[in-house]
Amino acid sequence: IGWVATEEWTALDGDALLAAWRAQTDELNQQRAARNEPPIEILALASLPRSDPQRATAFWAKRYRIAGEELIACESRAFGRDGIVVLKATGTPDLLAELAAATEAALARVSFAPGRRHADHAAGDRTGTLATAGLIARGVWEQMSTMQKILLGVLAAGALFALIRFVARLFG
C-alpha cells in the first residue's frame, strides 16, 4: 500500500463513508447470494469516524444486520510508512462501548519500528493509491500484495493477543 497522506483525516465524512459501505455491501451481497449466504445490510454509523493525524490512526463503528441479527463492527487503522494495521471487533449493539474500548486499547499498543512509522515518511517513498477515506470505505485487502497480507496477518495476530490480554484483565 505504501505511505498514506493524512490531509483528509480531519474531515472524514460519515455520510459519504456510509454510502460507500452500502455500495460495497451491495456488490458483496451478490457474491454472498451465489453462495446461498444471507445478505448484509448496513444500517447506520454506530460511532462517527474519528482520526488522530498525530498518532496516524483512525476509528469508526457501524451497525449492520445479517440473517436478522443486528451487529456492531468497530474498526481501527494504524498507518505506518509502508502500510497499515487493521483491527476489527464485532459484537452485539449492547457491547459497543466495550468493543470500542478494546479495539482502541489494542490500537494504542500498535507501534511500527523506528524508520517505519508514518512520521518517518521521506520523499521518494512509495505512496498509497487510495486516500484515507477510500481505505476506510473500500477496505485494503484487494490492494495488498501477498507479502503484505502475510505481514498483516502476523501483526493482526500480535494485536489479537494484546486484545485478548486486555479483555482478560478487564473482566478477570
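Please refer to the structure placed before this passage.
Residues numbered from 1 in each chain as written. Predicted model: local features only at pLDDT ≥ 70, side-chain atom pairs only at ≥ 80, totals over all residues. Heavy atoms only, no water.

1. Concerning the overall build of the chain
Here's step 1: Within the chain, the regular secondary structure consists of 4 helices and 4 strands.
Here's step 2: Scanning the chain from its N terminus toward the C terminus, one meets helices and strands in the order α-β-β-β-β-α-α-α.
Here's step 3: Taken over 172 residues, the chain has a buried fraction of 41%.
Here's step 4: Counting only contacts in the chain whose residues sit at least 6 apart along the sequence, the fraction spanning at least 24 positions is 56%.
Here's step 5: Of the accessible surface of the chain, which amounts to about 9500 Å², a share of 57% is contributed by carbon and sulfur atoms. (Helix = DSSP H or I, 4+ residues; strand = E, 2+ residues; numbered from the N terminus. Buried < 20%, exposed > 50% of the residue type's maximum accessible area, 1.4 Å probe, protein only. Contact = heavy atoms within 4.5 Å. Areas by Shrake-Rupley, 256 points an atom, 1.4 Å probe, with all protein chains shown as cover.)

2. Description of the environment of R63
Here's step 1: Residue placement: R63 occurs in strand β2 (residues 57-66).
Here's step 2: Looking at R63, the relative accessible area reads 28%, which means it is partly exposed.
Here's step 3: Residues R63 and T92, spaced 29 residues apart in sequence, show a C-alpha to C-alpha distance of 9.1 Å.
Here's step 4: Leave out the neighbours within four places in its chain, and R63 touches E41, I42, L43, A44, A46, E70, L71 and I72.
Here's step 5: Within the structure, R63 has its side chain in polar contact with the side chain of E70 (distance 2.6 Å). (Polar contact = N/O pair within 3.5 Å; in protein donor to acceptor, adjacent residues only side chain to side chain.)

3. Some details on the pattern of salt bridges
A side chain with one charge can pair with a side chain of the opposite charge if their charged atoms come near.
Here's step 1: Within this structure, the stated rule accounts for 10 salt bridges.
Here's step 2: For K62, the salt bridge identified is with E75, shortest N-O distance 3.7 Å. Of this pair, K62 sits in strand β2 while E75 sits in strand β3 (residues 69-79), and the two are 13 residues apart along the sequence. Take K62 and E75: they sit in the same class, and that class is buried.
Here's step 3: Notably, a salt bridge pairs E75 with R77, separated by 3.3 Å at the nearest N-O pair. With respect to burial, E75 and R77 carry one shared label: buried.
Here's step 4: Three or more residues joined by partner-sharing salt bridges are found here, namely R32, R35 and E37. (Salt bridge = Lys/Arg side-chain N within 4 Å of Asp/Glu carboxyl O.)

4. Focus on the sheet that holds β3
Here's step 1: The strand order across the open sheet built from 4 strands is β1-β2-β3-β4, with neighbouring strands paired in antiparallel fashion. Looking at which strands have only one partner, the edges of the open sheet turn out to be β1 (40-52) and β4 (84-91). On average, adjacent strands in this sheet sit at an angle of 15 degrees to one another, irrespective of strand direction.
Here's step 2: Bridging between β3 and β4 involves 8 bridges; their strand directions are antiparallel. Along β4, the bridge assignment pairs I72 with G91.
Here's step 3: Along the sheet face, helix α2 (residues 96-109) touches β1, β2, β3 and β4 and points at about 20 degrees away from the line of β3. (Pairing = 2+ DSSP bridges. Axes fitted to C-alpha atoms, helices over the stretch in contact; angles between N-to-C directions.)

Interpretation note: all reported values are geometric properties and have no functional meaning in isolation.
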